[in-house]
Amino acid sequence: MYYLYGVLGVLVVLIIVLVIRTLMFKLDFKNEAIQDIKIDEKKVLARFVKKIKYPTISYDDSSKINQQAFKDFKAHLRNDYPEINKVAEYQEIGTGVLFRIKGESSDNPIVLMSHFDVVPVSNNWTKDPFGAEMDETYVYGRGTLDTKLTINAAMESVEYLLTQGKIFKQDIYLSFGGDEEIGGKSQIAITSYFKEKHIRPYLVLDEGGAIVSNMFPGVKEKVAAVGIAEKGFLNLELKAGSKGGHASTPPKETAVTVLADAVNKLNRSKLFKMKMTYPVRAMFDHITPHSKNFIIRMIFANMWLFKPLVNVIAKLSGGQLKAMFKTTLAFTISEGSKAYNVLPNEAKIGINIRLRPDEPSEVIINRIKKIINNDDITVTPILVSEPSPVSFMDEGYDAVEKAINETFQNTIVAPYLMVATTDSRYYHEISDRVYKFSPMDVSSDDLSRMHADDERMSNENVINSVKFYIRLLNRF
């Protein structure tokens, strides 16, 4: 009987602890006092529209690229922003451009990044993809979302501040790539330039998360997701050989069946473990206190007890949430014989792997080899980008957060782990504060148009994105 009382007593204490921690797990909004910024909205929209009209499409096959469109876009940056070009040092590196606006000091420069190349378009658009058609709410066109909005905002904000007589405390760099959609070699060259000149940026801001709704159960407010790290990627090739010949007399095993067995093993294995890394934990710590769902708040307020349950929830939820918790593997390419009645001498499988933080490519390759356990299969890394380090969440992050709070009221600001890749991954090598955030309030319908048909951007976002950058830069 005493044993039963003891168990009940422990349960009562546990419940009390859980409830108290849940009730304490609550945050207020950090809305900042807003002082409106008067900008020439018509001019801002007009220059945004102009950017969309340049068909700066990237192709892996360089012969398909409209080189004149890229030249014209760069000329627009040189000609339509007189205050910037009056004081800036300008150079072209690779397909990209780099502006330097000198500040009072060069010790802790700020880098605003973006890219002006876009992905190809299909024939299914209902608008002219490079017509930049406007209505009362939206501008339509390829690149409105990804990501001429941020180029426009960066240029417009610096131009505005210079017209107001602003003298920056630190050097400001505007670093825009022209080949992000096909690998981002220009930003590799630009970061190499920074290294050669011993320039170590204090803060780097690139595209990334945005302001979204319905991000988390019980959270009615919008969330501004600021990437503080991003997953890496590994393109891996599995290759097997076998004796070719006529398909009418097939052997028991061919190169295709050997690879099929490997694919089946990998697909069924527990290759990648669920793990809550720091960026994911930080995201939950910032979002879940706002949840109106008491059970949800209780789970995340007491991670010391419920962490295994959270892993299960993420696994069952799938999609982006699951991808934040683990390295993912996708079979994307398969090659064999060119004819139905010919046995292949060689077969290949292509795998795209997205690496979570703390799980480098070498570890994953070794695991894959161990699971396949077949010396007749060669495992070759084709392209590797390791997971990025995690950026500091200090005064630099606070500056981004405050600029968001001042521009987008009643919005929760939260760090998160980017599952896609950006050009800013190269900057982690030279900066401890690389943030990935696009200042746009977008719906799920808007996001579904990225890299798809009838891409669009609201006029309100075009204006607010400029105000966000102005407020951010006024801190430097």
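The rules behind the values
Residues numbered from 1 in each chain as written. Predicted model: local features only at pLDDT ≥ 70, side-chain atom pairs only at ≥ 80, totals over all residues. Heavy atoms only, no water. Helix = DSSP H or I, 4+ residues; strand = E, 2+ residues; numbered from the N terminus. Rg over C-alpha atoms; globule rule 2.2 N^0.38 Å. Areas by Shrake-Rupley, 256 points an atom, 1.4 Å probe, with all protein chains shown as cover. Lys, Arg positive; Asp, Glu negative; His and termini not counted. Charge placed at Lys NZ, Arg CZ, Asp CG, Glu CD. Pairing = 2+ DSSP bridges. Axes fitted to C-alpha atoms, helices over the stretch in contact; angles between N-to-C directions. Contact = heavy atoms within 4.5 Å. Salt bridge = Lys/Arg side-chain N within 4 Å of Asp/Glu carboxyl O. Buried < 20%, exposed > 50% of the residue type's maximum accessible area, 1.4 Å probe, protein only.

Regarding its fold elements, the protein presents 15 helices and 16 strands. Radius of gyration (C-alpha) of the protein: 25 Å, near the 23 Å computed for a compact globule of 476 residues. Seen along its three principal axes, the alpha-carbon backbone of the protein occupies a region of about 80 × 75 × 50 Å. Surface summary for the protein: the accessible area is close to 22500 Å², and the carbon and sulfur share equals 52%. Averaging the coordinates of the 60 positive side-chain charges in the protein and doing the same for the 58 negative ones gives two points 5 Å apart.

Now for the sheet that holds strand β12 (residues 346-355). Taken together, four strands build an open sheet; the order of strands is β10-β12-β8-β13 and the sheet is antiparallel. Each of the sheet's edge strands pairs with one partner strand only, and the pair in question is β10 (328-335) and β13 (377-385). For this sheet, the mean inter-axis angle between neighbouring strands, taken without regard to orientation, is 20°. Pairing between strand β8 (residues 232-241) and β13: eight bridges, direction antiparallel. The residue of β13 that forms the bridge with Phe 233 is Ser 385. Contacts between helix α7 (residues 255-268) and the sheet are confined to β8, β10, β12 and β13, with β12 contributing the most and set at about 20° to the helix.

In this section: the pattern of salt bridges. Tallying each qualifying case throughout the model produces 27 salt bridges. Notably, a salt bridge pairs Arg 142 with Glu 455, separated by 2.7 Å at the nearest N-O pair. Remark: Glu 455 occurs in the loop between α14 (444-448) and β16 (456-458) and Arg 142 occurs in the loop between β4 (138-140) and α5 (148-163); sequence separation between them is 313 residues. Summarising the burial analysis for this pair, Arg 142 and Glu 455 share the class buried. Here Asp 445 and Arg 449 are joined by a salt bridge, their closest N and O atoms 3.4 Å apart. One salt-bridge network, in which partners are shared between bridges, spans Glu 89, Arg 100, Lys 102 and Asp 171.

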